[in-house]
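One letter stands for each residue in the lines below.
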Amino acid sequence: MAKVINVKGNSIAIKVKTISKIFFGKLSDSELALLVLLVEENGGSPINLTAGLSHTLRTRLKMNENTFSGSLLRLNKKGALIKDKGVINLYPVFHNLAAEDKFSIRFTAVIG
């Protein structure tokens, strides 16, 4: 038995929000905004989070430094990204998400 969910809308924000709810639970508005921006800008490559890039991201998101750092920490704890020594890697399901034209999620139940 399989269940397919077709997600309406082709924006990265809708895709990230849907995937995040399934894999990581509810994200705060600041966590979701940061994750969407990272997915839009990244596409799957490691992100070298320099002080300059951190400032640029905070400015684009209109976040203060504490909110930004806290959101990164919580996303790391939830598993949406891995931050190690200033390098951020997104959870693989977010890689090349912008290139996907159709967005469907398939659940298959295995019985027995």
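Above this text is the structure in question.
Presented here is an overview of the structure given in this document.

Judged by pairing direction, the sheet is antiparallel, and its three strands sit side by side in the order 2-4-3 without closing on themselves. Both edges of this open sheet fall to strand 2 (47-48) and strand 3 (81-84), since each of them pairs with a single strand only. Relative to strand 4 (residues 87-90), strand 2 runs antiparallel, the two being bridged by two bridges. Across the sheet, residue Ile 47 finds its bridge partner in strand 4, namely Ile 88.

Okay, helix 2 (residues 29-42) next. The terminal C-alpha atoms of helix 2 lie 20 Å apart, and with 14 residues this matches the ideal 20 Å at 1.5 Å per residue to within 8%. Three or more residues of helix 2 are buried, namely Ser 30, Glu 31, Leu 32, Leu 34, Leu 35, Val 36, Leu 37, Leu 38, Val 39 and Asn 42. Packed against the buried residues of helix 2 are helix 1 (12-24), strand 2, helix 3 (51-61), helix 4 (65-78), strand 3 and strand 4. Gly 43 lies just past helix 2 and shows a positive phi near 80 degrees.

What follows concerns the packing of aromatic side chains. In this structure the tally under the stated criterion is four aromatic pairs. Summarising the aromatic geometry, the rings of Phe 23 and Tyr 91 are spaced 5.4 Å apart at their centres and angled 55 degrees between planes, so their arrangement reads as tilted. In this pair, Phe 23 sits in helix 1 while Tyr 91 sits in the loop between strand 4 and strand 5 (104-108), placing the two residues 68 residues apart along the sequence. On the basis of an interplanar angle of 90 degrees and a centroid distance of 5.2 Å, the ring pair of Phe 24 and Tyr 91 is categorised as edge-to-face. Of the two residues, Phe 24 sits in helix 1 while Tyr 91 sits in the loop between strand 4 and strand 5, which places them 67 residues apart along the sequence. We classify Phe 24 as buried; its relative accessible area is 12%.

A few words now on the packing of helix 1 against helix 2. Running from N to C, helix 1 and helix 2 cross one another at 120 degrees; their axes reach a closest spacing of 10 Å. Taken together, the axes of helix 1 and helix 2 are oblique relative to one another. As helix 1 packs across helix 2, the resulting crossing turns out to be right-handed. Only Leu 32, Leu 35, Val 36, Val 39 and Glu 40 of helix 2 make contact with helix 1, whose side of the interface consists of Ile 12, Ala 13, Val 16, Lys 17 and Ser 20. Of the residues assigned to the contact of helix 1 with helix 2, the class counts are seven nonpolar, one polar and two charged.

Of the pairings in the sheet, the one linking strand 3 to strand 4 comprises four bridges and is antiparallel in character. For Ile 82, the partnering residue across the bridge sits in strand 4 and is Asn 89. The antiparallel hairpin formed by strand 3 and strand 4 contains two residues in its connecting segment, where Lys 85 sits at a positive phi of about 50 degrees.

Attention now goes to the nonpolar core. In this structure, Val 16, Leu 34, Leu 35, Val 39 and Phe 94 are the most contacted members of the largest nonpolar core, which totals 29 residues. If you list the elements that add at least two residues to this core, you get helix 1, helix 2, helix 3, helix 4 and strand 4. Sort the elements by how many residues they give to this core and helix 2 lands first, with seven residues. With residues up to four places along the chain from it excluded, the contact list for Leu 35 reads Val 16, Ser 20, Leu 27, Leu 75, Ala 80, Leu 90 and Phe 94.

Analysis parameters
Residues numbered from 1 in each chain as written. Predicted model: local features only at pLDDT ≥ 70, side-chain atom pairs only at ≥ 80, totals over all residues. Heavy atoms only, no water. Pairing = 2+ DSSP bridges. Helix = DSSP H or I, 4+ residues; strand = E, 2+ residues; numbered from the N terminus. Expected span 1.5 Å × (residues − 1). Buried < 20%, exposed > 50% of the residue type's maximum accessible area, 1.4 Å probe, protein only. Contact = heavy atoms within 4.5 Å. Phe/Tyr/Trp six-rings, centres within 6.5 Å; stacked < 30°, edge-to-face > 60°. Axes fitted to C-alpha atoms, helices over the stretch in contact; angles between N-to-C directions. Parallel < 35°, antiparallel > 145°, perpendicular 65-115°, else oblique. Left-handed = near helix turned anticlockwise from the far one by under 90°. Nonpolar A, V, L, I, M, F, W, Y, C, P; charged D, E, K, R; others polar. Core = buried A, V, L, I, M, F, W, Y, C linked by side-chain atoms within 4.5 Å.

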